[in-house]
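Analysis of the macromolecular model
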Amino acid sequence: SEAAAGALFPIFFLAYFTLLNSDLRQTPGKWIVGIRVVSAEGAPLSKKAALKRAAAYILSAIPLGLGFFWALFRKDKRAWHDSLAGSRVIEARPRGTFARIVIAVAALMIIGYNLSGAASYFYQRGLAEAARLSQPR
């Protein structure tokens, strides 16, 4: 049911990111772009730190993703969840200029897709609310 899925999602989310980001493993997305998560000192991320990092994603995401974009403005390039968990993201393999451009374009396309989905949702929700309010009582 929808309620069961909603209750299980946080558990699967935390398990996925904890297991795949600890001990020098990578999520499929990190593998594709050639990055991995390590401790601030460069050692493999422990399961405890990976769990803390996964849980802190919510803090990075809540204010319109500001915690993720924060990494763009810091010298050490760490997002809020990295600072809280004592982690950092490193390149797992060297990338050339072309690969960096492809990754940046893909990231912008994904952000645009998500923003258009959110805009569509709120537009449809507004139409439904307007229709509800225009109904005679």
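Residues numbered from 1 in each chain as written. Predicted model: local features only at pLDDT ≥ 70, side-chain atom pairs only at ≥ 80, totals over all residues. Heavy atoms only, no water.

Let's talk about the overall build of the chain
Scanning the chain for helices and strands turns up 6 helices and 2 strands. Helices and strands in the chain line up, N terminus first, as α-α-β-α-α-α-β-α. Against the 2.2 N^0.38 benchmark of 14 Å for 137 residues, the chain shows a C-alpha radius of gyration of 19 Å, more extended than a compact globule. Seen along its three principal axes, the alpha-carbon backbone of the chain occupies a region of about 65 × 35 × 25 Å. In the chain, buried positions account for 21% of the 137 residues. Restricting to contacts in the chain with at least 6 residues of sequence separation, those with at least 24 account for 56%. Accessible surface for the chain amounts to roughly 9,800 Å². Of this, 71% is attributable to carbon and sulfur atoms. Across the chain, the 18 positively charged side chains and the 7 negatively charged ones have centroids separated by 2 Å. (Helix = DSSP H or I, 4+ residues; strand = E, 2+ residues; numbered from the N terminus. Rg over C-alpha atoms; globule rule 2.2 N^0.38 Å. Buried < 20%, exposed > 50% of the residue type's maximum accessible area, 1.4 Å probe, protein only. Contact = heavy atoms within 4.5 Å. Areas by Shrake-Rupley, 256 points an atom, 1.4 Å probe, with all protein chains shown as cover. Lys, Arg positive; Asp, Glu negative; His and termini not counted. Charge placed at Lys NZ, Arg CZ, Asp CG, Glu CD.)

Observations regarding the confidence of the model for the chain
Here the chain averages 89 in pLDDT, and 100% of its residues register 70 or above. By mean pLDDT, helix α2 (residues 28-33) is the weakest element of the chain at 86, and helix α5 (residues 80-85) is the strongest at 94. (pLDDT = per-residue confidence, 0-100.)

Some points on helix α1 (residues 2-21)
The end-to-end C-alpha distance of α1 is 28 Å, a good match for the 28 Å that 20 residues give at a rise of 1.5 Å each. By the largest-angle criterion, Leu8 marks the main kink of α1, which is about 35 degrees, and a proline, Pro10, follows within four residues. Where α1 is buried, its residues touch α2, β1 (35-39) and α3 (47-61). (Expected span 1.5 Å × (residues − 1). Bend = angle between axes of the 7 residues up to and from the residue.)

Concerning a nonpolar patch on the surface
Judged by side-chain polarity, Leu66, Phe68, Phe69, Trp70, Leu72, Phe73, Leu108, Ile111 and Leu115 come together as a nonpolar surface patch covering roughly 940 Å² of accessible area. For Phe69, the location among the structural elements is in helix α4 (residues 66-69). (Patch = residues over 30% accessible without salt bridge, like charges linked within 9 Å, V, L, I, M, F, W, Y side chains within 5 Å. Salt bridge = Lys/Arg side-chain N within 4 Å of Asp/Glu carboxyl O.)

A short note on the packing of aromatic side chains
Within this structure, the stated rule accounts for 8 aromatic pairs. A centroid spacing of 5.1 Å and a plane angle of 75 degrees characterise the contact between Phe17 and Tyr57, whose relative ring orientation is edge-to-face. You can see Phe17 sitting in helix α1 and its partner Tyr57 sitting in helix α3, a full 40 residues away along the chain. With respect to burial, Phe17 and Tyr57 carry one shared label: buried. Here the aromatic residues Phe9, Phe13, Tyr16, Phe17, Tyr57 and Phe68 are joined through ring pairs into a cluster of three or more. A cation over a ring is seen here: Arg93 above Trp31, with NZ or CZ 5.9 Å from the ring centre. (Phe/Tyr/Trp six-rings, centres within 6.5 Å; stacked < 30°, edge-to-face > 60°. Lys NZ or Arg CZ within 6 Å of the ring centre and 35° of its normal.)

Some remarks on the pattern of salt bridges
In the structure shown here, the tally under the stated rule is 7 salt bridges. Taking the shortest distance from any N to any O, the salt bridge between Asp76 and Arg74 comes out at 2.8 Å. Judged by its relative accessible area of 38%, Asp76 is partly exposed. A relative accessible area of 26% means that Arg74 is categorised as partly exposed. Asp76 is paired through a salt bridge with Arg78; the nearest N and O atoms lie 4.0 Å apart.

Considering the side chain of His81
With respect to the helices and strands, the residue His81 is situated in helix α5. Leave out the neighbours within four places in its chain, and His81 touches Arg53, Ala56, Tyr57, Ser60, Phe68 and Ser87.

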